[in-house]
Amino acid sequence: MPQRTLRFRIHADGRVEERVEGVAGEACLALTERLEAALGSVVRRESTTEAYSTNAQQIQTVPVEHV
Amino acid sequence: MSHFSTVRTELRQREPLMAALRDLGYEPEAGSRPVRGYRGQTIDADLAVILQDGGDLGFRWNAATGAYELVTDLDLWRQPVPVERFLSRLTQRYALNTVLTASTDEGFTVSEQRSCQDGSIELVVTRWDA
């Protein structure tokens, strides 16, 4: 039974960094998509070569801007 | 699946916005109400913090952008931090509350939460999958 771990760093200026440790499964993707919907509109998304690896670390930077 | 995303974050949802205001020590009130500015002038907001000293803090829903916007009389700003700093702190708490709610809803448990010296907040959530 694998443990999914996500680390977030929420900066004082509002930027959110997300890092997935271990296997990035469907649960992590679902959470990531949910966060993107709640925090704001995705203006750019880049898949990396790690997208095809099942045990790569996932690093995501989500800058939070003021309205 | 690994990817990098750039998200322009906005104050989109009322509940995490209300929670963020409470985190900063305010008592927000939901529902349409006037916020007071200079010489008792008012403007309608969708949620507000009524203050004794200075003008009120209001947030108005902008249907075009799908986000809440701060509406207040800056000439009457009496908060302990400048308005830019206030919005930074509010946005950080909004992001934190959003991450906490979304993580819990997706079945994750918070295993660590700490404030760092640089003012950032570190959060670790975990979930066991069958």
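This one's a predicted model, so the numbers in the text were calculated from it and none came from an experiment. (Residues numbered from 1 in each chain as written. Chains lettered and ligands numbered in written order. Predicted model: local features only at pLDDT ≥ 70, side-chain atom pairs only at ≥ 80, totals over all residues. Heavy atoms only, no water.)

Focus: helix H2 (residues 83–105) of chain B
Put simply, the rule is: Put simply, DSSP marks the helices as runs of H or I at least four residues long and the strands as runs of E at least two long, and each gets a number from the N terminus on. Expected helix span is computed as 1.5 Å times (number of residues minus one).
For H2(B), spanning 23 residues, the distance from its first C-alpha to its last is 32 Å, which sits close to the expected 33 Å at 1.5 Å a residue. Following H2(B) by one or two positions, B:Gly107 adopts a phi angle in the positive range, close to 90 degrees.

Some thoughts on the environment of B:Ala63
Looking at the secondary structure, you find B:Ala63 in the loop between strand S4 (57–62) and strand S5 (67–71). Sequence separation of B:Ala63 and B:Leu11 is 52 residues, and the distance between their C-alpha atoms is 12 Å.

Re the nonpolar core
The cut-off we apply is this: Within this scheme, the nonpolar core is defined by two criteria: the residues are buried Ala, Val, Leu, Ile, Met, Phe, Trp, Tyr or Cys, and they are joined through side-chain atoms within 4.5 Å. Whether a residue is buried, partly exposed or exposed follows from its accessible area with a 1.4 Å probe, protein chains only, as a fraction of its type maximum: under 20%, in between, or over 50%, in that order. Residue contacts are defined here by distance: any two heavy atoms, one from each residue, within 4.5 Å place the two residues in contact.
One finds A:Phe8, B:Leu17, B:Leu21, B:Tyr26, B:Phe59, B:Phe86 and B:Leu90 to be the most contacted residues of the largest nonpolar core, which totals 36 residues. For this core, the secondary structure elements donating two or more residues are strand S1 (3–10), strand S2 (16–21) and helix H1 (26–39) of chain A together with helix H1 (14–23), strand S3 (42–49), S4, H2 and strand S7 (121–128) of chain B. Looking at this core element by element, the count peaks at 9 residues for H2(B). The contacts of B:Phe86, once residues within four sequence positions are left out, are B:Leu21, B:Leu24, B:Tyr26, B:Leu57, B:Phe59, B:Leu70, B:Trp77 and B:Val81.

Digging into the sheet that holds S4(B)
Residue and element names in this part refer to chain B. The criterion, for reference: Strands are labelled as partners when DSSP assigns at least two bridges between them. Where helices are involved, their axes are fitted lines through C-alpha atoms of the stretch in contact, as for all axes, and angles between N-to-C directions lie from 0 to 180°.
In spatial order, the strands read S2-S3-S4-S5; together these 4 strands make up an open sheet with antiparallel pairing. The open sheet is flanked by strand S2 (29–36) and S5, the only strands paired with a single partner. Each strand of the sheet is rotated relative to its neighbour by a mean of 50 degrees, with strand direction disregarded. Summarising the sheet, S2 and S3 pair through 6 bridges and their orientation is antiparallel. Looking at the pairing, Val-35 lines up with Ile-43 of S3.

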